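Chains, contacts and geometry: an overview
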Amino acid sequence: MAGDADVIVVGGGLAGLVAATEIADAGKRVIVVDQEGEQSLGGQAFWSLGGLFLVDSPEQRRLGIKDSYDLALQDWMGSAGFDREEDLWPKRWAEAYVAFAADEKREWLRAMGHRIFPVVGWAERGGYDAMSHGNSVPRFHVSWGTGPGIVEPFERRAREAQANGRLTFKFRHRVDALTITGGTVDGVSGTILEPDNSERGKSSSRKTAGDFTLRAQAVIVASGGIGGNHDLVRQNWPKRLGEAPKNMISGVPEHVDGRMIGITEAAGARLINRDRMWHYVEGIRNWNPIWPRHGIRILPGPSSMWFDATGTRLPSPLFPGSDTLGQLQYIMSTGYDYSWFVLTQSIIKKEFALSGSEQNPDLTGKSWLMTAKRAANKGAPAPVEAFKTHGADFIVRDNLADLVIGMNALSGDNLIKTRHLRVQIEARDRETVNPYTKDNQVMNIHNARRYVGDRLIRTAKPHQILDPAHGPLIAVKLNILTRKTLGGFETDLDSRVFGHDGRIMPGLYAAGEAAGFGGGGMHGYRSLEGTFLGGCLFSGRSAGRAAAHAVV
């Protein structure tokens, strides 16, 4: 069939790269179209920590973790909470993805040169019961090289396909419409944007330089989500999480605008679960920003005390690292859109990590020497110390009274009372002098330290917050940080998109965040973490293979 290519992929992020390389490897011709420049190839995956959800991996087994497909699926379903008629395909995608994570995912990546840091992280620990939200065991596998380490194998494959003529990149090409002929999606049209060499992540020019039209037998939409578009986030905000925050910071660049989602929906694609989203509550303003409203997420260990804007401790089990959306719902119920960590230097040294490839130069640079210092350093990792020194959301003081003065000055709300805070901290402190306790957060700390990975690098030895030997005291103002869209275009297991009428739209596929990472929302309401990059890998591979098989 004549055309500019066999398949067009809209989006040069991880899902788009995976799909494109699968198509090229099948001997088909593929064009990758992206509104950003070549410097942004890899999309949001580049900025990530490179976390991957794996089940019963060699890394887990070496650490004494007993995991299985059945346990992982139990955790997934308990977290997803599928409860809608529209969840038919998302649930099927969830089952297929957990099977992928328990079987070929690791070796498929390993064959391309991907490697994993040996200590497995324990994210989203839940705290309810065995059938509810959370990972029963550590499953968060960090890519050696972080985000760039997961992008590299696919960029390499794409460059090889480009060199042999099977893959063409069209950067600075913004899609404005899908073309449909005889009921089949067969191309895209749009605007050529002027060249812009802005640094990766920075906002680029939207000045136009021409128009374009491209034809193919199939189109894969892998354009990402809406996290950089706060208006769209608020428009889709679910009432179950309270009112949308008045103040948010961005965990993704401005070009993650959801524009292509609207264009694809207007062409007839069925968008489901648009009210399901994943935003973090431990966001801090970047003191050295790259994109507008640039925020970084704290990856906390279990020991920081968490207080709402009024200085009231968050209820059990909403402790650091337990239930992101549960914490978000509670925080928004207070009438304020921020909260506080209160901790010590001993805690920040051992337990604070920052999400993002640029905040983890040891892992990103694949330096074993630098990484080993995480366990041996007297201070916190250098990027964390930089935030403690320069970050607008950090208050460091030698005593609680002065800390409260700083907290009230920063928020401007004057809600924190020293006595109220002290009573809660002292009560918690009394629970740390024994190896047993009735305080659920202290129980979590003891449980975490039974796992060798947490004991080595992620969980401080229990101590009293107000003990000067562990000072100074630190308060961190936590903001709502936009990140992921959990809903998306409804697809079957071949990533083919359903139309408004419930029928497959011939020629149209979707992958990555635009597809809710598969099916239109394979996470359901909640993520187990390490599943976003993995969802891009799995759905991108499915879309690429299916499209390559379908075209002639």
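Now for a description of the structure that goes with this document. (Residues numbered from 1 in each chain as written. Predicted model: local features only at pLDDT ≥ 70, side-chain atom pairs only at ≥ 80, totals over all residues. Heavy atoms only, no water.)

1. Looking at the overall build of the protein
Note the threshold: We count a stretch as a helix when DSSP gives it H or I for four or more residues in a row; a strand needs E for two or more, and each element gets its number in order from the N terminus. Computation of the radius of gyration draws on C-alpha atoms, with the globule rule given as 2.2 Å multiplied by the number of residues to the power 0.38. Exposed residues in this analysis have more than 50% of their type's maximum accessible area, buried residues have under 20%, and partly exposed residues fall in between, with area computed by a 1.4 Å probe over protein chains only. Here, two residues are considered to be in contact whenever any of their heavy atoms come within 4.5 Å of each other. In short, Shrake-Rupley with a 1.4 Å probe defines the accessible areas, and a residue's cover is counted only from the protein chains shown. In this tally, Asp and Glu contribute negative charge and Lys and Arg positive charge; neither His nor the terminal groups of the chain are included. A charge is said to be at NZ when it belongs to Lys, at CZ for Arg, at CG for Asp and at CD for Glu.
When its secondary structure is counted, the protein shows 18 helices and 21 strands. Rg of the C-alpha trace for the protein: 23 Å, near the compact-globule value of 24 Å for 552 residues, within the 12% margin. Every one of the 552 residues in the protein was classed for burial, and the buried ones make up 61%. Pairs at least 24 residues apart make up 77% of the contacts formed inside the protein by residues separated by at least 6 positions. Of the roughly 20,600 Å² of accessible surface on the protein, a fraction of 50% belongs to carbon and sulfur atoms. If you average the places of the 65 positive and of the 61 negative side-chain charges in the protein, the two averages end up 4 Å apart.

2. What to know about the pattern of salt bridges
Put simply, the rule is: Salt bridge, as used here: a side-chain nitrogen of Lys or Arg that lies within 4 Å of a carboxyl oxygen of Asp or Glu.
Summed over all chains, the structure comprises 35 salt bridges. The closest approach of N and O atoms between Arg62 and Glu59, which form a salt bridge, is 3.6 Å. You can see Arg62 and its partner Glu59 sitting in helix α2 (residues 58–62), 3 residues apart, about one turn around the helix. Take Glu59: its relative accessible area is 4%, and that puts it in the buried class. Among the charged side chains, a salt-bridge network with shared partners connects Glu22, Asp25, Arg157 and Arg545.

3. Quick notes on the packing of helix α14 (residues 400–411) against helix α15 (residues 418–430)
Basically, it comes down to this: To obtain each axis, a line is fitted to C-alpha atoms, and for helices this fit is confined to the stretch in contact; angles are then taken between N-to-C directions over 0 to 180 degrees. An angle counts as roughly parallel when it lies under 35 degrees, as roughly antiparallel when it exceeds 145, as roughly perpendicular when it falls between 65 and 115, and as oblique in every other case. When the near helix sits turned anticlockwise from the far one by under a right angle, the crossing is termed left-handed; a clockwise turn instead gives a right-handed crossing. Amino acids outside the nonpolar list (Ala, Val, Leu, Ile, Met, Phe, Trp, Tyr, Cys, Pro) and the charged list (Asp, Glu, Lys, Arg) are all regarded as polar, and Gly is one of them.
At a minimum axis separation of 10 Å, α14 and α15 run at an interaxial angle of 125°. The orientation of α14 with respect to α15, classified from their angle, is oblique. Viewed along their axes, α14 and α15 form a crossing whose handedness is right-handed. Seen from α14, the contacting residues are Leu400, Ala401, Val404 and Met407; seen from α15, they are Thr418, Leu421, Arg422 and Ile425. Partitioning the contact of α14 with α15 into residue classes produces 6 nonpolar, 1 polar and 1 charged.

4. What about helix α8 (residues 259–266)?
Operational definition: What the arc covers is the set of directions going from the helix axis to the C-beta atoms.
Within α8, the full set of buried residues consists of Met260, Ile261, Ile263 and Thr264. Looking straight down α8, one finds that the buried residues subtend no more than 165° of arc, so they occupy a single side. Tucked inside the fold, the buried residues of α8 contact β1 (7–10), β6 (173–181), β9 (218–221), β11 (271–272), β19 (488–489) and β21 (504–510). Following α8 by one or two positions, Gly268 has its phi on the positive side, about 120°.

5. Topic: the pairing of β6
Using the following cut-off: Two strands pair under a simple rule: DSSP has to find at least two bridges between them.
Here β6 runs beside strand β7 (residues 184–193); their pairing, made up of 8 bridges, is antiparallel. When the bridges of β7 are listed, Val175 appears paired with Gly190. Two successive antiparallel strands, β6 and β7, enclose a turn made up of 2 residues, where Gly182 displays a positive phi of approximately 60°.

6. Some remarks on the environment of Pro118
Within the secondary structure, Pro118 is located in the loop between α5 (105–110) and β4 (140–142). Expressed as a C-alpha distance, the spacing of Pro118 and Tyr97, which sit 21 residues apart in the sequence, is 23 Å.

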